[in-house]
Amino acid sequence: MKIALKKKKIFIAGHNGMVGSSILRYFKKLDLKNIIVQSKKKLDLTNYNKVNKFLIKTKPDIVINCAGRVGGILANFTYPKEFLFENIYIQLNLLDACCKNNVRTYINLGSSCIYPKKSKQPIKEDYLLSGKLEHTNEAYAIAKIVGLKSCEFYNRQFKTNYFTLMPCNMYGPNDNFDIKSSHFIPGIIKKFYTANRKNMENVEIWGSGKAKREIMHVDDLASAIFFILNKVEKKDKKVLAVLKKNSHINIGANKEYTIKQYANMIGKLFKKKINLKFNKSYPDGTPRKLLDSSIIYSMGWKPIISVQKGLRETLKWYKENIK
Ligand SMILES: NC(=O)c1ccc[n+]([C@@H]2O[C@H](COP(=O)([O-])OP(=O)(O)OC[C@H]3O[C@@H](n4cnc5c(N)ncnc54)[C@H](OP(=O)(O)O)[C@@H]3O)[C@@H](O)[C@H]2O)c1
């Protein structure tokens, strides 16, 4: 495959996070050398002047925004102000500084959880803003919708290539395993790991376990981002036409299971039998969140990591990297 991206200078914002670090690994494997990263300590993306100065100095051709305040249902519900402000500032600062500094291509990350709570399933791109949002993550969703719509507005006004990818739930290396702020997959992995070590009989699962979710290994998202960027840089007419029509594109695995089924899959990775105890005092969140990913599938991309392999490798990563 011809790699058009080789000639481009790419800034990955949020490279220490789960998604950013996966993209960095993916690009390194492809031997892309012109990659720019900067730590949060040196570049706080909520500070516009710092972001603008950084882009003036580094002059990237492409910016991939993987930075943001991210978390599970409890963190989202407890800290709505931080989820709203930080995500809006990071996205708008990057977008505006990109536009001012002639960065033509910008990838923004949305999420399946910003579609309306009662969306028809599977969720198509144009269901966005067609109904009420899920109450528990409303602040995050509103911030993400601001970022997504802003890409559309910049494209209309400045003829830029700014678009948003809408992944389903992600998991994998460098995920957040802190139970209070994590998503459900790393949370359940950690609970099983702890229960196994401490010889406990049960693990507690938040909610009824009946909500259905679609998950994808983060390395599949990295491959999707590479796939789209490479097509954009090759000026692939079909892909550019699709992106012109849809400024946000769903990226999912096209499979869904209940939280209980995921918990059972994770439980099977341990020798000792540990029982599930559902704590229904926690909310279930949206009942279903299955993306219709037919647009990206029709471009020729598909995820390749099975849930079983992905969960097994994530547990292995957790055991090797646990502090
Ligand atoms: N995780 C998922 O399941 C999922 C699903 C769909 C979409 N997404 C989207 O994918 C993106 C990345 O998510 P993730 O799971 O990789 O999150 P993550 O692991 O929490 O990583 C976020 C990164 O952003 C950086 N960051 C946060 N605030 C910053 C600031 N003010 N200035 C500079 N850097 C800052 C963090 O730096 P530190 O490490 O220094 O704190 C971290 O490296 C987000 O936009 C998220 O909405 C994620």
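Chains are numbered independently. Their residues run from 1 in the order of the written sequence. Per-residue local features are limited, in this predicted model, to residues with pLDDT of at least 70; the limit for side-chain atom pairs, both in listing and counting, is 80 or more; totals at the level of whole chains, interfaces and linings are taken over all residues.

### Comments concerning the sheet that holds strand S10 (residues 248-251)
To be explicit about the condition: Pairing between strands requires that DSSP locate at least two bridges from one strand to the other. Counting from the N terminus, the helices are DSSP H or I runs at least four residues long and the strands are E runs at least two residues long. Each residue gets a C-beta atom placed from its backbone, and two residues are in contact if those atoms lie within 7 Å. For every element, the axis is a line fit to its C-alpha atoms; helices are fit only across the contacting stretch, and the angle between N-to-C directions ranges from 0 to 180 degrees.
Read across the open sheet, the 6 strands follow the order S2-S1-S3-S4-S5-S10; overall the sheet is parallel. On the outer flanks of this sheet lie strand S2 (35-36) and S10, each paired with one strand and no other. Each of strand S4 (105-109), strand S5 (161-167) and S10 is contacted by helix H5 (residues 138-158), which is oriented at about 155° to S5, the strand it contacts most.

### Looking at the environment of isoleucine 188
Put simply, the test is: Each residue is classified by how many other C-beta atoms fall within 10 Å of its C-beta atom, where C-beta atoms are placed from the backbone; a count of 20 or more means buried, 12 or fewer means exposed, and values in between mean partly exposed.
Note on placement: isoleucine 188 falls in helix H6 (residues 184-197). On the basis of neighbour count, isoleucine 188 is assigned to the buried category, with 25 C-beta atoms found within 10 Å. For isoleucine 188 and valine 203, which are 15 residues apart along the polypeptide, the C-alpha to C-alpha distance reads 8.2 Å. Residue contacts for isoleucine 188: discarding those within four places in its chain leaves Ile205, Tyr262, Ala263 and Ile266.

### Brief notes about the site of the ligand
So the rule is basically this: In this text, near has one meaning. A residue is near a molecule or strand if its C-beta atom, placed using the backbone, is within 6 Å of it. Under the convention adopted here, Pro, Cys and the residues Ala, Val, Leu, Ile, Met, Phe, Trp and Tyr are nonpolar, Asp, Glu, Lys and Arg are charged, and Gly plus all remaining residues are polar.
Around the ligand, the structure places 23 residues, and the nearest of them are Gly14, Gly17, Val19, Ala67 and Met170. No other element matches the 3 residues that helix H1 (residues 18-29) contributes to the shell around the ligand. Looking at the shell around the ligand, its residues break down into 10 nonpolar, 10 polar and 3 charged.

### Topic: H5
Helical periodicity: at 3.6 residues per turn, an α-helix aligns residues three or four positions apart in one direction. The condition that has to hold: Given a helix with a known number of residues, its expected span is that number minus one, times 1.5 Å.
Over its 21 residues, H5 extends 30 Å from the first C-alpha to the last, a length consistent with the 30 Å expected when each residue adds 1.5 Å. Listed in full, the buried residues belonging to H5 are Ala139, Tyr140, Ala141, Ala143, Lys144, Gly147, Leu148, Ser150 and Cys151. Buried residues along H5 sit in contact with helix H3 (73-78), helix H4 (80-100), S4, S5 and S10. Of the residues flanking the end of H5, it is lysine 159, one or two places downstream, whose phi is positive at about 55°.

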